[in-house]
Amino acid sequence: MVTTVQTTSPLDTIEAPHSPPAPRSVAAPLSPADPHSQADPQTLTVPSTAVPRQKKRKPVAVVERPTVELADPLAPVVVRASGLMKKFGPNTAVAGIDLQVRAGSFYGIVGPNGAGKTTTLSMITGLLRPNAGSIHVHGIDVWAKPVQAKRLIGVLPDRLRLFDRLTGAQLLYYSGTLRGLDNRAVRERSADLAAAFGLEDALNRLVADYSAGMTKKIALACAMIHSPRVLVLDEPFESVDPVSAVNVTEILQKYVASGGTVLLSSHGMDLIQRVCDHVAIIVQGTVLASGTIADVRGTSTLEERFIELAGGRTVAEGMEWLHSFSD
Ligand SMILES: Nc1ncnc2c1ncn2[C@@H]1O[C@H](COP(=O)(O)OP(=O)(O)OP(=O)(O)O)[C@@H](O)[C@H]1O
């Protein structure tokens, strides 16, 4: 278990599934001292063959993670949200949320539709200004020092607004250079990420032509390319097929095991229960329960606890018209 914030990049440990064990040409971590951190402005257009093709991958073995290791309770808090509040007109979407996420934690946020998960994650990542409250990521105030804070964060936003007239390779190149990586580093990391996400064959196609799951994966790859310390992922597994979900999970688990921190939202209770060490249940813009998965679920399943806190099941009444077919 990792107890301290590492100076090396957590993402440097990601390996493409079934890649040969030989030393890989993974780029150095992006840091102020990183020799790759100066992008060459002359290289901002990327040729369609920017990412070297990799060998065809074998099918991925599905490996269940046996148990979830708990994040070190003494690890430093790397995401601290205090008194977060957001109103949209008269509606309060987030009503004073406090969250503490420790380094090396795999932290899940769950809640019913409209509970305020996306709004909370958007405020944490500096995409949506809160009406009140503060967010610190690795001690940096996200809204006072957004540029510094955003260097540390990789974001998979909810509504994927990607530049989808770019190819996958171009989008990765764009994301990498925007984050200050140089040509070589972007190419190397793009190849690693494409292999890890099973996107090698799609890299030279327009993102607009990707399926929903492929789009999610390329967006996730873009969120990771600068080897951030914290990944904030809104519904990362939505539309992702089960094999890819296992792949993505493994990638994230390795990232977390090497000191990275993942904060994600999901409606997949099984997945949250399986992969996360901590969870917060948000209902109507408020955290109703948070802590380790075991603490939150108690003697029930996480899903049962969630349903209980979210107000229980609603009995489907009415809609008799649905049972008398119109033809
Ligand atoms: N830009 C906006 N303008 C007005 N209301 C908004 C806006 N964004 C979110 N809301 C409202 O804020 C509330 C919380 O929305 P949010 O998207 O954060 O919920 P969520 O928990 O992510 O839901 P879901 O699980 O359906 O994605 C909802 O009532 C939503 O309608």
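Residues numbered from 1 in each chain as written. Predicted model: local features only at pLDDT ≥ 70, side-chain atom pairs only at ≥ 80, totals over all residues. Heavy atoms only, no water.

So, on to the sheet that holds strand β10 (residues 286-292). Pairing in this open sheet of 6 strands is mixed, and the strands run β6-β7-β8-β3-β9-β10 from one edge to the other. The sheet terminates laterally at β6 (153-156) and β10, the two strands that pair on one side only. Strand after strand, the sheet turns through a mean of 15° between neighbouring axes, direction not considered. Judged from the 4 bridges that link them, strand β3 (residues 106-110) and strand β8 (residues 261-265) form a sheet pairing that is parallel. Paired with G108 across the bridge in β8 is L264. (Pairing = 2+ DSSP bridges. Helix = DSSP H or I, 4+ residues; strand = E, 2+ residues; numbered from the N terminus. Axes fitted to C-alpha atoms, helices over the stretch in contact; angles between N-to-C directions.)

With that settled, the discussion passes to the packing of aromatic side chains. Taken as a whole, this structure holds 1 aromatic pair when the rule is applied. Between F163 and Y174 the ring centres are 5.2 Å apart and the planes differ by 85°, which places this aromatic pair in the edge-to-face class. Linking F163 in the loop between β6 and α3 (168-178) with Y174 in helix α3, this pair joins segments that are 11 residues apart in sequence. (Phe/Tyr/Trp six-rings, centres within 6.5 Å; stacked < 30°, edge-to-face > 60°.)

Moving on, we come to the pattern of salt bridges. Where side chains of opposite charge bring their charged atoms close, a pairing between them can arise. Applying the stated criterion across every chain, the model contains 3 salt bridges. Between R184 and E188 there is a salt bridge, with its nearest N and O atoms 3.1 Å apart. Note that R184 and E188 are positioned in helix α4 (residues 183-197) at a spacing of 4 residues, about one turn of the helix. Across the pair E308 and R305 runs a salt bridge whose closest N-O atoms are separated by 2.9 Å. Residue E308 and its partner R305 are both found in helix α9 (residues 302-309); the two are separated by 3 residues, about one turn of the helix. We classify R305 as partly exposed; its relative accessible area is 22%. (Salt bridge = Lys/Arg side-chain N within 4 Å of Asp/Glu carboxyl O. Buried < 20%, exposed > 50% of the residue type's maximum accessible area, 1.4 Å probe, protein only.)

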